[in-house]
Amino acid sequence: MIEVENLTKYFKVGTQVLQAVRGVDFTVNKGETVAIVGESGSGKSTIANLLLALEDLTAGKIIFEGRPLTDKRTREEKREIQIVFQDPHSSFNPRMKIKEAFFEPLYVQEIYKTFSEAKPKILETLSLIGMGEEALERYPHAFSGGQLQRLAIARALLLNPKLLILDEPLSSLDISLQAQIVQLLDQLKKQLNLTLLFITHDLQIVRTFADRVVVLYLGKVMEMGETKTLFQHPRHPYTEALLSSIPPQNPWEKRDPIPIGDQLPSPFDPPSGCPFRTRCPYVMPVCSNPIPEKKEGSHSWWCILDQLPEVRHWLSN
């Protein structure tokens, strides 16, 4: 459905240049869920903004269903990609009732001219998230965080998008609500034949929800592949470090996270070669050189190492 080639975004900050996204390539196939994971500052949300044309590209291409998308898009093109933001409270205008928040995108897109015309469509969409007409006359503050995130999902679905971007949609919710939202998204994906791009740092949810994973670090892709393969056999040290930080499901199980330090290098002056080399436990002098892509089937990674367990055993001895 969507193919991203050499996606690049630099921001000028005073006299310096912040390199937010640097030559990112990935694809999202129709009907699948692709997760983009990484620490804060890795460029995940910037990629979402570029796909939505909320930011202009510095370089690269976005191909959607075989046609290039530019920064200037038609109404129809804008409808095809929608987003659910991280904080449901800040994504709604507190002075607008839910009926006004839902009618606004339909009016702006010139699909309906009056609320009475749009009401059947709005009620149909509300039913998808288990809510009824009584929600329309209430203001956002009258809803809990979980209810409001459901409404945010419904609002994004009003325009019948083909690709739904979810930018950390669970981070502001407690664990029980997170499970409910994930279940709802899975149900909607099957019911509406949706394609999802899931941006998150929660690897526990990624393990059960995503078909494929793209691991991002300092604006570059470190590794990507099918979820099961990537979780069972990570090939990049950064992926391995991320996975080691997942809390064990058994509280009596002991698991020591791989120490990589807390200091993320500056995006104004990222390291040469592998950007992770300043924190990598396996770093070698050659890591400062450009790192070629390695591939095994649909699994790709950018590291000079092939088998992390063997290298770890060698280093420990």
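Residues numbered from 1 in each chain as written. Predicted model: local features only at pLDDT ≥ 70, side-chain atom pairs only at ≥ 80, totals over all residues. Heavy atoms only, no water.

### Things to note about the pattern of salt bridges
Within this structure, the stated rule accounts for 14 salt bridges. Note that K190 is salt-bridged to D186, the shortest N-O span being 3.4 Å. Of the two residues, K190 and D186 both sit in helix 6 (residues 175-192), 4 residues apart, roughly one turn of that helix. Take D186: its relative accessible area is 29%, and that puts it in the partly exposed class. Within this structure, E65, R67, E77, E80 and K162 form a network of salt bridges that share partners. (Salt bridge = Lys/Arg side-chain N within 4 Å of Asp/Glu carboxyl O. Helix = DSSP H or I, 4+ residues; strand = E, 2+ residues; numbered from the N terminus. Buried < 20%, exposed > 50% of the residue type's maximum accessible area, 1.4 Å probe, protein only.)

### Remarks on the sheet that holds strand 3 (residues 33-37)
Taking strand neighbours across the sheet as the criterion, the 8 strands line up as 6-7-8-3-9-10-12-11 in an open arrangement whose pairing is mixed. Each edge of the open sheet is held by one strand with a lone partner, namely strand 6 (81-84) and strand 11 (294-296). In this sheet, neighbouring strand axes are inclined to one another by 20° on average, regardless of whether the strands run parallel or antiparallel. Taken together, the 5 bridges between strand 3 and strand 8 (residues 195-200) define a ladder with parallel strand orientation. Counterpart to T33 in the pairing with strand 8 is L196. Against the sheet, helix 1 (residues 44-51) touches strand 3, strand 6, strand 7 (163-167), strand 8 and strand 9 (212-217), its axis set at about 145° to strand 8. (Pairing = 2+ DSSP bridges. Axes fitted to C-alpha atoms, helices over the stretch in contact; angles between N-to-C directions. Contact = heavy atoms within 4.5 Å.)

### Focus: empty space enclosed by the protein
Per the stated rule, a full pass over the model turns up 1 cavity of 30 Å³ or more. By volume, the largest cavity amounts to about 90 Å³. In terms of lining, the largest cavity is formed by 15 residues, of which the most central are P237, C274, C280, C287 and C303. When the residues that make up the lining of the largest cavity are grouped by side-chain class, the tally is 13 nonpolar, 1 polar and 1 charged. (1 Å grid on protein atoms, 1.4 Å probe; cavity = no way out; pocket = protein on both sides within 12 Å on 5 of 7 lines; lining within 4 Å. Points joined across faces, edges and corners; volume = space filled by probe spheres on them. Nonpolar A, V, L, I, M, F, W, Y, C, P; charged D, E, K, R; others polar.)

### What about helix 9 (residues 237-244)?
Note that an α-helix has 3.6 residues per turn; residues three or four places apart therefore point the same way. For helix 9, a buried count of 8 out of 8 residues is recorded, marking the element as mostly surrounded by other parts of the structure. Three or more residues of helix 9 are buried, namely P237, Y238, T239, E240, A241, L242, L243 and S244.

### Digging into the pairing of strand 4 (residues 59-64)
Residues in a regular strand project their side chains so that they alternate between the two faces of the sheet. With 5 bridges connecting them, strand 1 (residues 2-13) and strand 4 associate as antiparallel partners. Residue pairing across strands places I2 opposite F64, the latter belonging to strand 4. Of the pairings in the sheet, the one linking strand 4 to strand 5 (residues 67-68) comprises 2 bridges and is antiparallel in character. When the bridges of strand 5 are listed, I63 appears paired with P68. Counting the residues between successive antiparallel strands, the hairpin from strand 4 to strand 5 contains 2 residues, one of them, E65, with a positive phi of roughly 50°.

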